[in-house]
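Read off the chains here:
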Amino acid sequence: MSSEHYDLIIIGTGAGGGTLAYRMARSGKKILILERGPFLPREKDNWNTKVVFNSDRYHNSEVWYDRDGNELHPGMSYFVGGNTKVYGAALFRLREKDFEKYQHRDGISPEWPLKYRDFEPYYVQAEKLYQVHGKSGQDPTEPYRSEEFPYPAVSHESRIQEVSDALVIKGLHPYNTPVGIHLNEAQRYLSTCIRCNTCDGYPCLVQAKSDAEVSAVRPVMEQNNVTLVTEAKVLKLHTSPSGREVTGVEVEIQGDRKVFLATSLRLPVVQLIPPSCCYVLPMTPIRMDWAIVRVN
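### Things to note about the environment of Gly 134
Line of reasoning, step 1. Take Gly 134: it is sitting in the loop between strand S8 (132-133) and helix H4 (158-169).
Line of reasoning, step 2. Note on Gly 134: relative accessible area 5%, which makes it buried.
Line of reasoning, step 3. What Gly 134 contacts, discounting residues up to four positions off in sequence, is Glu 148, Phe 149, Tyr 151, Pro 152 and Ala 153.

### Topic: the pattern of salt bridges
Any two side chains of opposite charge can pair, given that their charged atoms come close.
Line of reasoning, step 1. Tallied over the full model, the rule gives 18 salt bridges.
Line of reasoning, step 2. In this structure, Arg 36 and Glu 62 form a salt bridge, with 3.7 Å as the shortest nitrogen-oxygen distance. Taken as a pair, Arg 36 in the loop between strand S3 (31-34) and helix H2 (49-54) and Glu 62 in the loop between H2 and strand S4 (64-65) lie far apart in primary sequence, 26 residues in all.
Line of reasoning, step 3. Judged by relative accessible area, which is 34%, Arg 36 ranks as partly exposed.
Line of reasoning, step 4. Through salt bridges with shared partners, a single network forms among Lys 85, Asp 211, Glu 213 and Arg 218.

### Some remarks on a nonpolar patch on the surface
Line of reasoning, step 1. Together, Val 163, Leu 167 and Leu 172 line one region of the surface with nonpolar side chains, adding up to about 220 Å² of accessible area.
Line of reasoning, step 2. When you line up the elements, Leu 167 lands in helix H4.
Line of reasoning, step 3. Classification of Leu 167 by relative accessible area gives partly exposed; the value is 30%.

### Section: helix H1 (residues 15-25)
Line of reasoning, step 1. Most of H1 sits out of view: 8 of its 11 residues are buried.
Line of reasoning, step 2. Buried residues of H1: Ala 15, Gly 16, Gly 17, Gly 18, Thr 19, Leu 20, Ala 21 and Ala 25, and no others.

### Here we look at the pairing of strand S12 (residues 246-253)
Line of reasoning, step 1. For S12, the buried fraction is high: 6 of the 8 residues fall into the buried class.
Line of reasoning, step 2. Pairing of strand S11 (residues 232-239) with S12 involves 7 bridges; the strand directions are antiparallel. The residue bridging His 238 from the neighbouring strand is Gly 248, located in S12.
Line of reasoning, step 3. Linking S11 back to S12 in an antiparallel pair, the connection comprises 6 residues, with Gly 243 at a positive phi of about 80°.
Line of reasoning, step 4. Bridging between S12 and strand S13 (residues 256-262) involves 6 bridges; their strand directions are antiparallel. If you follow Val 251 over to S13, its bridge partner there is Lys 258.
Line of reasoning, step 5. Linking S12 to S13, which pair antiparallel, is a turn of 2 residues; within it Gln 254 sits at a positive phi near 50°.

The rules we used
- Residues numbered from 1 in each chain as written.
- Predicted model: local features only at pLDDT ≥ 70, side-chain atom pairs only at ≥ 80, totals over all residues.
- Heavy atoms only, no water.
- Helix = DSSP H or I, 4+ residues; strand = E, 2+ residues; numbered from the N terminus.
- Buried < 20%, exposed > 50% of the residue type's maximum accessible area, 1.4 Å probe, protein only.
- Contact = heavy atoms within 4.5 Å.
- Salt bridge = Lys/Arg side-chain N within 4 Å of Asp/Glu carboxyl O.
- Patch = residues over 30% accessible without salt bridge, like charges linked within 9 Å, V, L, I, M, F, W, Y side chains within 5 Å.
- Areas by Shrake-Rupley, 256 points an atom, 1.4 Å probe, with all protein chains shown as cover.
- Pairing = 2+ DSSP bridges.

Right, here's the structure in full:
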């Protein structure tokens with residue numbers, strides 16, 4: 001079983017892992033990105049409703065079980081970009097109260113140690129990275145924002161505009177959903193997005209959806225300090241004798257097992273970084289991505 005050494009190992013390329021990879025690539029650290037699946041194939045079936053929703057072409061067929069032993073079919077997508085490859089790209093910010101203790105019918109959502117104000121500057125960065133289109137001041141529930149959306153709101157289809165106008169007349173407050181797409185309505189000939197009718201739930205054949213592959217992984221995957229390994233299934237995390245530190249990742253790649261280690265010149269502290277440390281997560285809690293970092 002061979003082993004290789006890295007400064008930073010990121011497991012998963014979804015909204016958490018992909019964005020973390022983008023942010024850390026500039027550090028110059030030697031980074032390994034592990035993705036269980038391959039690149040999602042670009043093909044005509046990307047826009048085939050029957051294939052997308054009535055087959056496992058773009059979702060795996062694995063079964064999960066709840067605490068009572070009942071089957072769950074989560075429809076996970078193991079591709080570079082994770083579940084963002086088939087999400088609807090609606091990128092809302094959480095509200096201030098979402099970070100506070102909140103009583104739900106089924107229990108209490110505990111208070112976060114960090115508040116919305118701590119995340120707000122990172123929401124700004126994430127919205128720029130994922131090219132979020134929107135307009136502030138429309139939604140009466142929206143939280144404080146230090147900057148306007150980086151891209152203008154997507155215009156409504158004619159029938160939706162009629163509905164919106166009717167709701168305004170009734171004193172309601174409809175608003176444009178904030179969405180992450182590569183759309184240029186002012187200069188349509190320059191727009192990657194063609195405003196097709198196959199977006200939410202579909203892979204984007206023209207790669208105009210702001211998914212984690214297109215927006216975060218691809219821009220950094222060719223850098224000399226970044227290595228992306230696809231079809232790499234993480235089997236276990238290796239720990240120190242105390243069990244308090246993660247020292248490496250054991251991975252299966254094409255039937256072979258390898259161990260990747262996070263290294264440092266000094267005695268290190270190894271940290272598991274959950275998705276909540278990635279600045280895009282509070283907007284898109286889509287997939288569990290992890291990073292193993294060895295820091296001095």
